[in-house]
Amino acid sequence: NVTRPGVVLPPDYDADFLDNYELGFKSRWAGGRYTLNLTAFRMEWNDYQIEVVDPGPLFAVVVANVGDAEIEGVSLDFTTLLFDSLDFGINLQLLDPKTKADNPDIGLTPGERLPFSSKEKGSVWVEYTHPREFAGGNFYARYQWSYMGNSLNGIGDEAVLQPAYQLADAKIGLATNDWEIYAYVDNLTNERAVLYDQQGAPPGVVTVNAPRTWGLGFSKSWGGN
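Residues numbered from 1 in each chain as written. Predicted model: local features only at pLDDT ≥ 70, side-chain atom pairs only at ≥ 80, totals over all residues. Heavy atoms only, no water.

Let us look at the overall build of the protein. Broken down by element type, the protein carries zero helices and 15 strands. Over its C-alpha atoms the protein spans a radius of gyration of 23 Å, topping by over 25% the 17 Å that the globule rule assigns to 225 residues. The principal-axis extent of the C-alpha atoms belonging to the protein is close to 70 × 40 × 35 Å. Long-range contacts, defined here as pairs at least 24 residues apart, represent 56% of the contacts in the protein between residues at least 6 apart. When the accessible surface of the protein is summed, it comes to about 14,000 Å², and 56% of that surface belongs to carbon and sulfur atoms. In the protein, the 16 positive side-chain charges and the 30 negative ones have mean positions that sit 10 Å from each other. (Helix = DSSP H or I, 4+ residues; strand = E, 2+ residues; numbered from the N terminus. Rg over C-alpha atoms; globule rule 2.2 N^0.38 Å. Contact = heavy atoms within 4.5 Å. Areas by Shrake-Rupley, 256 points an atom, 1.4 Å probe, with all protein chains shown as cover. Lys, Arg positive; Asp, Glu negative; His and termini not counted. Charge placed at Lys NZ, Arg CZ, Asp CG, Glu CD.)

In structure tokens:
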């Protein structure tokens, strides 16, 4: 860290280590018409690094080792061919991210929620492909909706809760084996998602996602399948 006199936290920090344990189930049904994947996991994060506001009299943001943490969760992925030309998919993740450390310098106690970790997130998508060929390809249309639960912007007493948000995207196009032309709209509902709320740092900055964006695109590939 680049520090100055009056900073309380150490000027240097050590490596952190993460052990991840997973138990899962992967399957395909009805000749691949249905796919179901389910995973349970546990992460042991030792001496983890994170940016924190120094508790000293001068404002300073430093990287520090603040102790151990653990993350338990499950994830689910499911896709299916509803009809011959209609695909559907859903994915879901549930987390329990929490600290195991007691660090009075920054107001951290065991069992607190880790920052930048939504307890729940997921998405749903549906895509239709017209079965009849045109100009060597097929017309398609895709819609996707995603949800991100609320999260903390940091750790300790000054952490701010960042609100949940949801985004929707749509796309239509014509695709062949080696080229594609399409039109799209990202952030269809013009959602203002708070990605990072930096209230603890004067003058205060809130980073948000891009507004509704539409466009046209063309792609071409050579020499591959």
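What follows concerns the sheet that holds strand 8 (residues 138-148). Read across the sheet, nine strands follow the order 1-2-5-6-7-8-11-12-15 without closing on themselves; strand pairing throughout is antiparallel. Each having just a single partner strand, strand 1 (17-29) and strand 15 (213-220) make up the two edges of the open sheet. Here the strands of the sheet are splayed against their neighbours by 10° on average, with no regard to which way each runs. (Pairing = 2+ DSSP bridges. Axes fitted to C-alpha atoms, helices over the stretch in contact; angles between N-to-C directions.)

Another aspect to go through is the pattern of salt bridges. On inspection of all chains with the given rule, the structure shows nine salt bridges. Residues Glu180 and Lys171 are paired through a salt bridge, measuring 3.6 Å at the closest nitrogen-oxygen approach. By relative accessible area, Lys171 is classed as partly exposed at 28%. Members of the salt-bridge network, linked through shared partners, are Arg42, Glu44, Glu70, Glu72, Asp96, Lys98 and Lys100. (Salt bridge = Lys/Arg side-chain N within 4 Å of Asp/Glu carboxyl O. Buried < 20%, exposed > 50% of the residue type's maximum accessible area, 1.4 Å probe, protein only.)

So, on to the nonpolar core. Ranked by size, the top nonpolar core spans 16 residues in total, and within it Tyr48, Val52, Val66, Ile106, Leu108 and Ile155 carry the most contacts. Going through the elements one at a time, strand 3 (49-53), strand 4 (61-65) and strand 5 (69-83) are the ones with two or more residues in this core. With sequence-adjacent residues up to four places away left out, Leu108 is seen in contact with Tyr48, Val66, Thr99, Ala101, Asp102, Asn103 and Ile155. (Core = buried A, V, L, I, M, F, W, Y, C linked by side-chain atoms within 4.5 Å.)

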